[in-house]
Amino acid sequence: MPKVKVFGFTARVDKITNVLATPAHIGSPFDPKSPLPKIDHKPFNAIWDTGATRTVISKNVVQSCNLKPTGMARVHTASGTDTVPTYYVSIGLPNKIVIPILQVTQGVLTGTDVLIGMDIINSGDFAVTNKDGKTVFSFRMPSVDCIDFVKDHEDKKGQNQSLLPRVGRNDPCPCGSGKKYKKCHGRGVA
Amino acid sequence: MIGDYSSELEAINTTKVHYELGTFLVQKCAPGDESFSATYHSRFAFV
């Protein structure tokens, strides 16, 4: 079986953040099977948005990268349905993650130039955690494994239980109550 | 219609030899409207 190279990055914020932002480099599309073309990517700020089915770029990106429209798309938003131009681009994400060709739509964005949509998010694994009041956002592609916080918790719980000493039903309860285990925390335990 | 191709990149690279980029459209042929529609639940506008 051929080995698949996995690329990923982790962004850490020293507080809880409401916006998942990373840099994104936009350039011309290229064939991933061909030798890498001359890199013409330009850097922009990007926000990751699970509410967007497709990735969006601003007019600023279109002008800066001198992109030409190659299609039209119907877009559905809270304010109705519209038809907008689309562009084929390549996108560079942190830590050398490159998407060689992607069709994006042009939209009016506030505070960012790129909205990373589910078309990119679905191409890999995506997780956000907020332990100790710090947001950690991690992404890898292609998808490698299923992230299941419930299973993870149950597995850890199982490991911890196996580390505890076995308590007999007639032994003193480990909670220190002085009662027998079977009459305290072991009540109902077979 | 100018032609049909097996990939978007092939369509663009072949067509731009004879037509200026920005003067033609590339449309993926697929059943339904998924290939040419997008939904945005976030609050922003398209102008």
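Residues numbered from 1 in each chain as written. Chains lettered and ligands numbered in written order. Predicted model: local features only at pLDDT ≥ 70, side-chain atom pairs only at ≥ 80, totals over all residues. Heavy atoms only, no water.

1. What to know about the interface of chain A and chain B
- If you look at the interface, chain A gives 32 residues, while chain B gives 23 residues.
- Interface area for chain A against chain B, summed over the two sides, is near 2,400 Å², with a carbon-plus-sulfur share of 59%.
- A salt bridge links R74 of chain A to D33 of chain B; its shortest N-O distance comes to 3.8 Å.
- At the junction of chain A and chain B, the tally comes to 10 residue pairs in polar contact (both at pLDDT 80 or more).
- Elements that contribute at least two residues to the side of chain A that touches chain B include exactly β5 (71-77), β6 (80-93) and β7 (97-106) of chain A.
- Ranked by residues supplied to the side of chain A that touches chain B, first place goes to β5 of chain A with seven residues.
- Within the side of chain A that touches chain B, the residues separate by chemical class into 15 nonpolar, 11 polar and six charged.
- As defined by bridge partners, β5 of chain A adjoins strand β1 (residues 37-39) of chain B across three bridges and the pair is classed as parallel. Along β1 of chain B, the bridge assignment pairs V75 of chain A with A38 of chain B. (Contact = heavy atoms within 4.5 Å. Buried area = accessible area lost by both parts, 1.4 Å probe. Salt bridge = Lys/Arg side-chain N within 4 Å of Asp/Glu carboxyl O. Polar contact = N/O pair within 3.5 Å; in protein donor to acceptor, adjacent residues only side chain to side chain. Helix = DSSP H or I, 4+ residues; strand = E, 2+ residues; numbered from the N terminus. Nonpolar A, V, L, I, M, F, W, Y, C, P; charged D, E, K, R; others polar. Pairing = 2+ DSSP bridges.)

2. Quick word on a nonpolar patch on the surface
Residue and element names in this part refer to chain A.
- A contiguous nonpolar patch, built from V4, V6 and V144 and spanning about 260 Å² of accessible area, is present on the exposed surface.
- Turning to its location among the elements, V4 is positioned in the segment before β1 (7-12).
- With relative accessibility at 60%, the residue V4 sits in the exposed group. (Patch = residues over 30% accessible without salt bridge, like charges linked within 9 Å, V, L, I, M, F, W, Y side chains within 5 Å. Areas by Shrake-Rupley, 256 points an atom, 1.4 Å probe, with all protein chains shown as cover. Buried < 20%, exposed > 50% of the residue type's maximum accessible area, 1.4 Å probe, protein only.)

3. Focus: a positive patch on the surface
- A surface patch of like charges, here positive, comprises K179, K180, K183 and R187 of chain A.
- Looking at K183 of chain A, the relative accessible area reads 51%, which means it is exposed. (Lys, Arg positive; Asp, Glu negative; His and termini not counted. Charge placed at Lys NZ, Arg CZ, Asp CG, Glu CD.)

4. What about unusual backbone geometry?
All names here are of chain A.
- Geometrically, the link from M141 to P142 is a cis peptide bond, its omega value of 0 degrees lying close to zero.
- Turning to its location among the elements, P142 is positioned in the loop between β10 (136-141) and α3 (149-163).
- Within the chain, N95 stands out as a residue other than glycine whose phi angle is a positive 60 degrees.
- Along the chain, N95 falls in the loop between β6 and β7.
- With relative accessibility at 54%, the residue N95 sits in the exposed group.
- Here the phi dihedral of K96 falls at roughly 65 degrees; this positive angle occurs in a residue that is not glycine.
- Topologically, K96 is positioned in the loop between β6 and β7.
- Accessibility expressed as a relative area gives 71% for K96, which makes it exposed.

5. So, the sheet that holds β10 of chain A
Residue and element names in this part refer to chain A.
- The three strands are arranged β1-β10-β9 in an open sheet whose pairing can be described as antiparallel. The open sheet has two edge strands, β1 and β9 (125-129), and neither has a second partner. Taking the axes of each pair of neighbouring strands and ignoring which way they run, one obtains an average angle of 10 degrees across the sheet.
- Relative to β10, β1 runs antiparallel, the two being bridged by six bridges. Residue T10 lies in a different strand from β10, and its bridge partner there is S138. (Axes fitted to C-alpha atoms, helices over the stretch in contact; angles between N-to-C directions.)

6. A few points about helix α1 (residues 8-15) of chain B
- Among the residues of α1 of chain B, those classed as buried are L9, A11, I12 and T15 of chain B. All buried residues of α1 of chain B lie within an arc of 160 degrees about the axis, which places them on one face of the element.
- Turning to α1 of chain B, the residues buried within the fold contact β6 and β7 of chain A. (Arc of directions from axis to C-beta.)

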